Amino acid sequence: MGPILLLTLIIFLPTIGAIALLAVPKDNDEYLRIGALGVTVVTFVLTLFLLGDFNTDDPAIQPVFEVIQVDGATEPPDLKLLANYDLSEGKVMRDGQEVQVQRGITIPWIRTWNIEYKLGYDGISVPLLLLTSFISVLAMMASWSIKKMVRGYLILFLLLETGMLGVFLALDFFLFYVFWEVMLLPMYFLIGIWGGPRKEYAAIKFFLYTLLGSVLMLIAMLMFYFGSAAHSDQTSTFDLLELAVIAQNGLFDQQMQMIAFVLLFIGFAIKVPTFPFHTWLPDAHVEAPTPISMILAGVLLKMGGYGILRIAFPLCPFGAHWAAYTLVVIGAFSIIYGAFAAMAQTDFKRLVAYSSVSHMGYVIVGMAVWKLSVDTNALHHWQLGINGAMFQMIAHGVSSAGMFFIVGVIYDRVHHRDLNQFGGLSKLMPWYSGLAAGIFFAGLGLPGMCGFIGEIFVTLSAWNYSPLLAIIVAAGVILTAGYILWTIQRVFLGPEYRGPHAEEITPMNGREFTVAAVLLAFAIILGVYPPIMFDLMGGSIELLTETLQQGLENATDATSTAGLPGN
Amino acid sequence: MFDTLLELFVFDVQNSLQRFAPELTLCVTVVAMLLVRLFNLDRHVPSYWVALGGTLISFFFAFTDFNMLKMESFDLAQQTIFTGLLVFDGFTIFFRLFLLLFLILVIALTVLSGIPDNEDGADFYVLLLGSTIGMMLMSSANHMLILFLGIEMASVPGYVMVGFLKGRKKSSEAAFKYVVYGAGAAGVMLYGISLLTGLLGTADMVEIASRMNAVFAGSESVGMGDATARTVILALVMILAGFAFKLSIVPFHFWCPDAFEGAAAEIGGFLSVASKAAAFALLARFCVAFSTGQADNLKEFYMYVGIGIGAIAALSATFGNLAAYAQTNVKRLLAYSTIAHAGYMLMAISALVVVLNEPAGDLFARLDADGDGVLTRQIAEQRYQYDVPELYRSDIAIIFDQLGKNSITQAEFVEQAKDPAVVHTLHRGLGAQALEGLLYYLAVYMFMNLGAFAIVALIRNHIFSEELEDYKGLVHQTPALCICMLICMFSLVGLPPLGGFVGKFMIFATLFEAGAVHWSMWAILLIGGVNTVFSLVYYIRVLKVMFLAERPADARPALIPFRSAPSMYCVMVTVPVLALGIFVEQLSYTARQVASILF
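Remember, it's a predicted structure, so these values are computed and weren't measured experimentally. (Residues numbered from 1 in each chain as written. Chains lettered and ligands numbered in written order. Predicted model: local features only at pLDDT ≥ 70, side-chain atom pairs only at ≥ 80, totals over all residues. Heavy atoms only, no water.)

This part takes up the overall build of chain B. On a plain count of helices and strands, chain B comes out with 24 helices and 4 strands. A compact globule built from 599 residues would reach a C-alpha radius of gyration of about 25 Å, and chain B, at 24 Å, matches this within 12%. Oriented by its inertia axes, the alpha-carbon framework of chain B measures out at about 80 × 65 × 45 Å. With 599 residues in all, chain B has 64% of them scored as buried. Within chain B, contacts between residues at least 6 apart in sequence are counted, and of these 80% link residues at least 24 apart. (Helix = DSSP H or I, 4+ residues; strand = E, 2+ residues; numbered from the N terminus. Rg over C-alpha atoms; globule rule 2.2 N^0.38 Å. Buried < 20%, exposed > 50% of the residue type's maximum accessible area, 1.4 Å probe, protein only. Contact = heavy atoms within 4.5 Å.)

This is the structure in structure tokens:
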């Protein structure tokens, strides 16, 4: 399968599935669910193909095409997929010869505005793509608990998946923005129709927050589009790779980078979410149905982090460095604030939601520990931080999806989430309690489980940046342990269950068991053998930090030679 | 001597009539409908067949023109007809096509929704077609007389149509309000036109620019201190007030919610799209005719006019969106939404006027970033890239070509920019881009707004209500209509991948670029962006009621199955909304091509 077809199918197979579901009669709930599950499974398999195609030695965007230029021809050059190649000093070599390449697939979409259908993947997006399609399968398996308007639910779910996968594959800013927004509509209705008692409030709050962030992103997008006109060899461009190169050469002036970074960061921070922009999250999580909470926590929050790494950092290195300290402070504050807020909750799901705010704080801290110094090791510390942040995103995707699923399982039985009315579940549901304890420990950051790796990497890298902040960040681990252990105590331990609907507590069924067990298994695998992720993303992160460093230096130098057109 | 004149006259009339075929066909259709009624044939042939047939033929003529020009070149076709009263160019043809397509859709809607009944059919369609002829005149006006005539011709049938539901108190009240406002606005506008015409000694729009240059040739700066300038400002404000009334722009919007609430939803849909589109076409022509000022002082003056338009646009968008919050009647809510959308579209006009009138000295300073007072050709071309290779070439190059040098000083640049040939092309790329946004927005707006009004009309036929309260849980009974409503409304908000987003994106992009000319455009962009977020709340309130609520048991049922004409009609109107969000290139290219003709 050619890369164009593969990437397009990964994005649009769920949409095709959604359209196909329209053809199935409305009341065949079981067929509809199995069909939709089939679509998500096939999409997952397709992302595995992608993993197979992925060349871990090449840190930059793939797939790589060789450009075959015929001398004197006016037509666009032919492109041939390059399968075997070596890299030396950033140049692509085949049989010892340098070849001219184009990275990512590029199909013109709106030529009057130079907008392209440009897709590609590297070490940063591949893990997140896998996470997305994987969590989608599990969330779809968890969707058997949805009984109302099943067809509509499944169609919206699949459209949501298209949006998510599109975001991680798009390399054109405009296309990215389109996919980013495409998710809003399904999400609004998934929370608004199938959610809990305050669903309408939660849904509109989510929608408004994200839309506000998107508008800021749109303005930043225009800044780059028109800012690129003077430096690009064609006209203005939305091509993220080209824009990143312009930024790397320091050709976006400093003031613009600072403004654009603030706009982009707010847009992405709303999605992450970090402290001042997080208030939509507890509401949305609490009201959303279980599978959608899994998606929200497992995938949607990662888009914020991904956006920062893919767009905000590469396009404004100077702005990013300028704001680094603020970012670390915001991240550290989110960690502590989220942990304390989680501790104060009596609603089980709200607790898990605040724990997400806390855990995503590590992601921001890890990305932002960019210390400028002559010491060459400084860059290594930062790479450690970004590696930690990326790992934390994957780990949180697994563990928080698991935690929301665990909450959902018990909520389906007893129809309440009041922590003070739980207790003694370990006797009634031994398997459930065992799996739940495992997943919660993963969230807690117990060594040997996935949460630990991300947190320790981030903490270590933060020490080099600012010891004080590292201590604060490390304190977050203790608080996390506090609220999670307390939760386990209140829910699973204790003599007996005294809350309502005690008679409905039944052991997990096979489907529920599978979802929880798979998530726990991945939490352990990632914790025991983290290189499966680090091998994928290490190279790309190294390349990213080096380019950013260059971009920063060039932008700082550019003050003396401001105004000269690009090279 | 006389023979030659006669020959010329005959030739002009022949040529003009040929170019005027679509309008003539509509005129013939109007007469035919009245005759059919006179001879009592309308019992056998319903008037809508006559109206639809005539419109289709007219559409065919317009489409042939369009295709012919598309194959050759739009530039070649530009000519004035009827001794310079009308202009026939790509822009005219674009709007003819637009209005006729819209007319077909509206006639189809009225057939489906049953307003008017067969008894009143002839009257109604005569008014509808007559109004459209007026709008088509507006879009091709080349003379202030036609400007006024077109607006009146489009408006007067509109007044009657608003009051067409005879016996309904609200409807008559709405029509009365509309007439009084309309008459007032027309009077003010006519006074403005007469002032301007008196000052310039011509009513020909082509002549305005050069006469204005002549009038202000001696003055140092054009401002309130100058008596002539004060007259021009007064005239412009009055003329723009007339436009603002047609566009329902704040503060001339008061008629709009009442008229739309009182009129049938079909009429609301027609007026909100067609008359706005025609008024925008006319306004664009008017502004371009004005904006080819040559001296820097005049340009600066026009630029402030543009900023003023922008301020009104921002006010209109904000007011429309805020006022829509409190509405409980869906038609009234949509009326406020059209006020907001007129605001967004007016932003494009304001950006147009601002970019067209950037003083040459400022432009030079903007391009000459290193500030050494000398601009080289290479840097200028690199920093001023607004060309579309197939349509027109890099604008700035012409200055260097004229001078025959590759680097230029500020004084030389400003001197060159006064040359009429240069003025015409210098801002062409940016201006075309601003208009492209407007045209694209209008095209999407036609479908999304008509869709919303059509759904309101079709649902009304079942539940006999247009109150939001009665829309509860409709999705369980008419899923197709509700999903179409969802797509139209999200497009009105401006969410991708729907057409409304693309239109909004283009307008915002132009505003951003105009911000480099004057910072106030950035403020307007920001207001526009924030408004997008505001507007979500009330659109989604409608959707919330339709989708999230349960249908009360005692509510009147609105069972419209998917396989029925009304559902199919809504799907047909909604599909383009989605398609224009995905297949953007074709229309975007055509719009830019059409827009570039004006410069």
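Throughout the structure, instances matching the rule amount to 69 aromatic pairs over all chains. With 6.0 Å between their ring centres and 35° between their planes, F261(A) and F313(A) make a pair best called tilted. With a gap of 52 residues between them, F261(A) in helix α9 (residues 254-271) and F313(A) in helix α11 (residues 290-315) connect regions that are remote in the sequence. With 6.2 Å between their ring centres and 55° between their planes, F60(B) and F61(B) make a pair best called tilted. Relative accessible area serves as the criterion here: at 35%, F61(B) is assigned to the partly exposed category. (Phe/Tyr/Trp six-rings, centres within 6.5 Å; stacked < 30°, edge-to-face > 60°.)

What follows covers the packing of helix α7 (residues 169-200) of chain B against helix α10 (residues 255-262) of chain B. When two helices pack together, their arrangement is given by the angle between the helix axes and the distance between those axes. All names here are of chain B. The N-to-C vectors of α7 and α10 enclose an angle of 145°; their axes lie 8 Å apart at closest approach. Every pair of crossing elements has a handedness; the one defined by α7 and α10 is left-handed. Contacts between α7 and α10 involve K170, S171, A174, K177, Y178 and Y181 on the former and, on the latter, W255, D258, A259, E261 and G262. (Axes fitted to C-alpha atoms, helices over the stretch in contact; angles between N-to-C directions. Left-handed = near helix turned anticlockwise from the far one by under 90°.)

Overall, the coordinates contain 24 salt bridges over all chains when judged by the stated rule. Between R103(A) and D58(A) there is a salt bridge, with its nearest N and O atoms 3.0 Å apart. Here D58(A) lies in the loop between α2 (29-53) and β1 (64-68) and R103(A) lies in strand β6 (residues 101-103), a separation of 45 residues in the sequence. One exposure class covers both R103(A) and D58(A), and it is buried. One salt bridge in this structure joins D347(A) and R417(A), with 3.1 Å as the shortest N-O distance. On the criterion of sequence distance, the pair formed by D347(A) in the loop between α12 (317-343) and α13 (348-368) and R417(A) in the loop between α14 (377-414) and α15 (425-428) is long-range, its members being 70 residues apart. You can call D347(A) buried: its relative accessible area is 18%. One salt-bridge network, in which partners are shared between bridges, spans K170(B), K177(B), D258(B), E261(B) and R332(B). (Salt bridge = Lys/Arg side-chain N within 4 Å of Asp/Glu carboxyl O.)

Another point: the confidence of the model for chain A. Residues with a pLDDT of 70 or more make up 95% of chain A, whose mean pLDDT is 86. Contacts of residues 562-567 of chain A to residues separated by more than four positions or lying in other chains number 9 contacts, the stretch itself having pLDDT below 50. (pLDDT = per-residue confidence, 0-100.)

Moving on, we get to the environment of V232(B). Residue and element names in this part refer to chain B. The residue V232 is located in helix α9 (residues 227-247) in this model. Take V232: its relative accessible area is 0%, and that puts it in the buried class. The contact partners of V232, leaving out residues within four places of it in the chain, are L199, M212, F216 and F301.

All names here are of chain A. Looking at the secondary structure, you find L263 in helix α9. For the pair L263 and M429, spaced 166 residues apart in the sequence, the C-alpha separation amounts to 48 Å. In contact with L263, other than residues within four places in its own chain, are L216, I219, A220 and M223.

So, about a nonpolar patch on the surface. The grouping of I524(A), I525(A), V528(A), Y529(A) and I532(A) at the surface amounts to a nonpolar patch, some 460 Å² of accessible area in total. Here the nonpolar patch gets 3 residues from one element, more than from any other, and that element is helix α19 (residues 510-528) of chain A. (Patch = residues over 30% accessible without salt bridge, like charges linked within 9 Å, V, L, I, M, F, W, Y side chains within 5 Å. Areas by Shrake-Rupley, 256 points an atom, 1.4 Å probe, with all protein chains shown as cover.)

Its location among the elements puts L184(A) in helix α6 (residues 184-194). With 256 residues separating them along the chain, L184(A) and F440(A) place their C-alpha atoms 29 Å apart. With sequence-adjacent residues up to four places away left out, L184(A) is seen in contact with F206(A), F207(A), T210(A), L211(A), K271(A) and L495(B).

Counting through the fold element by element, S588(B) comes out in helix α24 (residues 585-596). By relative accessible area, S588(B) is classed as buried at 0%. Only 2.5 Å separates the side chain of S588(B) from the side chain of T112(A), close enough to count as a polar contact. Contact partners of S588(B), with chain neighbours within four places excluded, come to T112(A), W113(A), E436(B), Y440(B) and M506(B). (Polar contact = N/O pair within 3.5 Å; in protein donor to acceptor, adjacent residues only side chain to side chain.)

Residue and element names in this part refer to chain B. Packing of α10 against helix α13 (residues 330-356) brings their axes to within 8 Å, and their N-to-C directions diverge by 140°. Here α10 runs over α13; the crossing is right-handed. Listed contacts from α13 to C256, P257, D258, F260 and E261 of α10 are K331, R332, A335, Y336, T338 and I339.

Counting residues at the interface gives 37 residues for chain A and 39 residues for chain B. Summed over both sides, the interface of chain A with chain B buries roughly 3,700 Å², with 77% coming from carbon and sulfur. The interface formed by chain A and chain B includes 2 salt bridges. The salt bridge involving E200(A) is made with K544(B); its shortest N-O contact spans 3.7 Å. Secondary structure elements with two or more residues in the side of chain A that touches chain B: β7 (105-110), α5 (173-182), α6 and α7 (199-227) of chain A. (Buried area = accessible area lost by both parts, 1.4 Å probe.)

Further remarks concern the sheet that holds strand β3 (residues 86-88) of chain A. Residue and element names in this part refer to chain A. Taken in spatial order, the 3 strands line up as β3-β4-β5 in an open sheet, and their pairing is antiparallel. Every interior strand has two partners, whereas the edge strands, β3 and β5 (97-98), have only one. Pairing of β3 with strand β4 (residues 91-94) involves 3 bridges; the strand directions are antiparallel. Across the sheet, L87 pairs through a bridge with V92, a residue of β4. (Pairing = 2+ DSSP bridges.)

Another aspect to go through is unusual backbone geometry. Geometrically, the link from Q62(A) to P63(A) is a cis peptide bond, its omega value of -5° lying close to zero. Position of P63(A) among the secondary structure elements: in the loop between α2 and β1. A cis amide bond links P496(B) with the next residue in sequence, P497(B), at an omega value of 5°. Inspection of the secondary structure puts P497(B) in the loop between α20 (479-493) and α21 (499-514). Even without a glycine there, the phi angle at F82(B) is positive, about 50°. Relative to the helices and strands, F82(B) resides in the loop between β1 (79-81) and β2 (86-88). With a relative accessible area of 23%, F82(B) lands in the partly exposed category.

Take the sheet that holds β1(A) next. Residues and elements named next belong to chain A. As summarised here, the arrangement of the 3 strands in space is β2-β1-β6, forming an open sheet in which the pairing is antiparallel. Of all the strands in the sheet, just β2 (78-81) and β6 have a single pairing partner and so form its edges. The sheet shows a mean angle of 35° between the axes of neighbouring strands, taken without regard to direction. Direction of pairing for β1 relative to β2: antiparallel, over a ladder of 4 bridges. What sits directly across from I68, in β2, is D78.

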